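# An overview of the molecular structure
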Amino acid sequence: MRFARHRTQQGPRLAVLDTEDHLVDLPGPGELPALLAEEGWLADAAATALRTRQSVTPLATAELMAPLDPPTVRDFSTFPEHTAGIVKTLDPAGGIPPEFWEIPTFYFSNPYATIGPNDDVPVPPGTKRFDYELEVAAVVGALGRDLSVEEAASHIAGFVVMNDFSARDVQFHEMRMRLGPAKGKDTATALGGFFVTADELAERRSGASFDLTMEVRLNGELLGSDRLDNMAWSFEALAAYASRGTWIRPGDLLGSGTCQGGCLAEMWGRHGYDFHRPLQPGDIVTTSVELFGGTQNHVIAGAEPHDIQPWSRP
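Treat the numbers as computed from the prediction; the structure is a model and nothing was measured.

### Quick word on the overall build of the chain
Looking only at helices and strands, the chain has 7 helices and 24 strands in total. For the chain, whose C-alpha radius of gyration is 19 Å, the value lies close to the compact-globule estimate of 20 Å for 314 residues. For the chain, the spread of C-alpha atoms along the three principal axes comes to 65 × 45 × 40 Å. The buried share of the chain, taken over its 314 residues, is 51%. Within the chain, contacts between residues at least 6 apart in sequence are counted, and of these 72% link residues at least 24 apart. Roughly 14800 Å² of accessible area belongs to the chain as shown, and the carbon and sulfur atoms make up 53% of that amount. Of the charged side chains in the chain, 25 are positive and 43 negative, and the gap between their average positions amounts to 4 Å.

This is the structure:
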């Protein structure tokens, strides 16, 4: 099934998409993480909505929001060819680090930076190299801790498209401290309009992931394309690693990381900074993933950074 959250006169409402491209509101003001917390709640709510059809909105006229406000966002690195290209931005002779094959590493992103599929994206303060990142994120359904890969499969409820906007110059500057990324990833993470339940993808299973085409366009020009099954780590492995020594909870996002060709920084590493200029106000970034839909975000001017100084210097 496919679910979306949209703006109404009564506030945000979670809805199920019917076979005629209408959003049918679920009963009550429930949010996706809460409905995922108990097995069967989301399916029961959808069945009730489709039976009673008390509030129906044509998808074409709906104002879509992010399908959920995630409690946490973990963004992994799973596409080897993307990793190889990114490494070249810092070391032209570099290759894929051996650690890539040892652990599905991730960083925590900012859940407060979640925006909808069509929201404006401000340029982060102080950046000159603004970028996009085409990804898919798994949404955790059941609570879990210290899961095996096999156990983790039942803890993944579904998936959303994710575009992790990135301030590259800020990111690479702060990571010289061997921390981060932090402010380089802090302004906007766009989610596609639909949460697609895991059972919808059973027939598209392929390798570590799913045989789905991913594309990103800038101002209508196709700049990157890949397949989701080029992931070297499965979503189940991401969930298992995320749960190691801690809890994953309903609504947590587990990002796949950027696909090959899914961001400008990778292409700058491969072809130099003349490949394409960074994002700037007026640009429109469009992502799409087969069966999932995508995002279309307009880049706008952001705030100027305030000066900050250390209390003392050596």
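### Structural notes on helix α2 (residues 41-52)
Between its terminal C-alpha atoms α2 stretches 17 Å, which fits the 16 Å expected from 12 residues at 1.5 Å a residue. On its buried side, α2 packs onto β1 (2-8), β2 (11-17), β3 (22-25), α1 (32-36) and β16 (195-197). Positioned one or two residues after α2, Arg 53 has a phi angle of 50°, which is positive.

### A word on the pairing of strand β19 (residues 213-218)
What you see with β19 is a clean split: Met 214, Val 216 and Leu 218 sit on the buried side and Thr 213, Glu 215 and Arg 217 on the side with no burial. Here β19 pairs with strand β20 (residues 221-227) via 6 bridges, running antiparallel. What sits directly across from Glu 215, in β20, is Ser 225. Counting the residues that bridge the hairpin from β19 to β20 gives 2 residues, and of these Asn 219 lies at a positive phi of roughly 55°. Of the pairings in the sheet, the one linking β19 to strand β23 (residues 284-289) comprises 5 bridges and is antiparallel in character. When the bridges of β23 are listed, Glu 215 appears paired with Ser 288.

### Details of the pattern of salt bridges
Enumeration according to the criterion identifies 20 salt bridges in this entry. Salt-bridge contacts for Glu 81 lead to Arg 270; the nearest nitrogen and oxygen are separated by 3.6 Å. Of this pair, Glu 81 sits in helix α3 (residues 80-90) while Arg 270 is found in helix α7 (residues 264-271), placing the two residues 189 residues apart along the sequence. The shortest N-O distance in the salt bridge between Arg 227 and Asp 211 comes to 3.7 Å. With Arg 227 in strand β20 and Asp 211 in the loop between β18 (209-210) and β19, this pair connects stretches of sequence that are 16 residues apart.

Basis of the calculations
Residues numbered from 1 in each chain as written. Predicted model: local features only at pLDDT ≥ 70, side-chain atom pairs only at ≥ 80, totals over all residues. Heavy atoms only, no water. Helix = DSSP H or I, 4+ residues; strand = E, 2+ residues; numbered from the N terminus. Rg over C-alpha atoms; globule rule 2.2 N^0.38 Å. Buried < 20%, exposed > 50% of the residue type's maximum accessible area, 1.4 Å probe, protein only. Contact = heavy atoms within 4.5 Å. Areas by Shrake-Rupley, 256 points an atom, 1.4 Å probe, with all protein chains shown as cover. Lys, Arg positive; Asp, Glu negative; His and termini not counted. Charge placed at Lys NZ, Arg CZ, Asp CG, Glu CD. Expected span 1.5 Å × (residues − 1). Pairing = 2+ DSSP bridges. Salt bridge = Lys/Arg side-chain N within 4 Å of Asp/Glu carboxyl O.

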